Amino acid sequence: MSLKEKTEHSLERIMYGSRWILAPVYVGMSLVVAALFIKFFQELYHFLPHLLEMNEADLILKVLALIDLTMVGSLIVIVMFSGYENFVSRLDIAEDAEKLDWLGTHDYGSLKMKIASTIVAISSIHLLKIFMKIEDTHNEKILWYVAVHLTLVVSALLMSVQDKLSKH
């Protein structure tokens, strides 16, 4: 093996091994899920004692906030597991252990689409919260919220079209 081939082989091994730098990042995402868990139950703790005195609109807003936290947590789990499996290493799960059906099925493109659609859903929830308390928000601000939301929707739609075209 020539010096050039040895050098090339060494560089390739270093680059391939560098994928493990991402592993602590995915472990860190577990801490973010734990933080969302704490925030979810903190919100629930503050909301439940006032449940009977809340009007319907406030109840819906609180529920939407909890749904928001849940969606973000679910997105983090999808990114964490899919990213680890796609970019670092296959998950070694015992045969008798419970396995998520979608594990190993998300490639980079489908992961992008999951993220984009979740961001649009979260944006929709925030926009709905604003519309439910529309009298508290300036018209100009509402226009900005709608413009940002529509930008996210159009971006997700264009990503979907691009993904579909690239698969054909």
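Above this text is the structure in question.
Given the structure is predicted, the values throughout are model-derived calculations rather than measurements.

1. Considerations on the packing of aromatic side chains
Under the criterion given, the structure shown has 4 aromatic pairs. Taking 5.2 Å as the distance between ring centres and 75° as the angle between the ring planes, the aromatic pair formed by Phe40 and Phe41 counts as edge-to-face. Taking the relative accessible area as the measure of exposure, Phe40 reaches 22% and is therefore partly exposed. A relative accessible area of 41% means that Phe41 is categorised as partly exposed.

2. Things to note about helix H2 (residues 22-47)
With 26 residues, H2 extends 37 Å from end C-alpha to end C-alpha; this agrees with the ideal 38 Å at 1.5 Å per step. Buried positions along H2 lie against helix H3 (56-87).

3. Details of a nonpolar patch on the surface
A cluster of nonpolar side chains, namely Leu22, Val25, Phe87 and Tyr108, defines an oily patch on the protein surface of about 360 Å² accessible area. Structurally, the position occupied by Phe87 is in helix H3. With a relative accessible area of 34%, Phe87 lands in the partly exposed category.

4. Some words on the pattern of salt bridges
Counted according to the given criterion, the structure contains 3 salt bridges. Two residues, Lys129 and Asp68, come together in a salt bridge whose shortest N-O distance is 3.7 Å. With Lys129 in helix H4 (residues 108-132) and Asp68 in helix H3, this pair connects stretches of sequence that are 61 residues apart. With a relative accessible area of 7%, Asp68 lands in the buried category.

5. Digging into the packing of H4 against helix H5 (residues 139-167)
Across the interface, H4 lies against H5 with an axial gap of 10 Å and an inter-helix angle of 160°. Taken together, H4 and H5 sit at an angle that is classed as roughly antiparallel. Seen along the crossing, H4 lies across H5 with a hand that is left-handed. Only Ile142, Tyr145, Val146, His149, Leu152, Val153, Ala156, Met159, Ser160 and Asp163 of H5 make contact with H4, whose side of the interface consists of Gly109, Lys112, Met113, Ala116, Ile119, Val120, Ser123, Ser124, Leu127, Ile130 and Phe131. By residue class, the composition of the contact of H4 with H5 is 14 nonpolar, 5 polar and 2 charged.

6. Observations concerning the nonpolar core
Ala23, Tyr26, Met80, Tyr84 and Val88 together form the largest nonpolar core, which totals 5 residues. Elements with a minimum of two residues in this core: H2 and H3. Among residues more than four places away in sequence, those in contact with Ala23 are Tyr84 and Val88.

Definitions and cut-offs
Residues numbered from 1 in each chain as written. Predicted model: local features only at pLDDT ≥ 70, side-chain atom pairs only at ≥ 80, totals over all residues. Heavy atoms only, no water. Phe/Tyr/Trp six-rings, centres within 6.5 Å; stacked < 30°, edge-to-face > 60°. Buried < 20%, exposed > 50% of the residue type's maximum accessible area, 1.4 Å probe, protein only. Helix = DSSP H or I, 4+ residues; strand = E, 2+ residues; numbered from the N terminus. Expected span 1.5 Å × (residues − 1). Contact = heavy atoms within 4.5 Å. Patch = residues over 30% accessible without salt bridge, like charges linked within 9 Å, V, L, I, M, F, W, Y side chains within 5 Å. Areas by Shrake-Rupley, 256 points an atom, 1.4 Å probe, with all protein chains shown as cover. Salt bridge = Lys/Arg side-chain N within 4 Å of Asp/Glu carboxyl O. Axes fitted to C-alpha atoms, helices over the stretch in contact; angles between N-to-C directions. Parallel < 35°, antiparallel > 145°, perpendicular 65-115°, else oblique. Left-handed = near helix turned anticlockwise from the far one by under 90°. Nonpolar A, V, L, I, M, F, W, Y, C, P; charged D, E, K, R; others polar. Core = buried A, V, L, I, M, F, W, Y, C linked by side-chain atoms within 4.5 Å.

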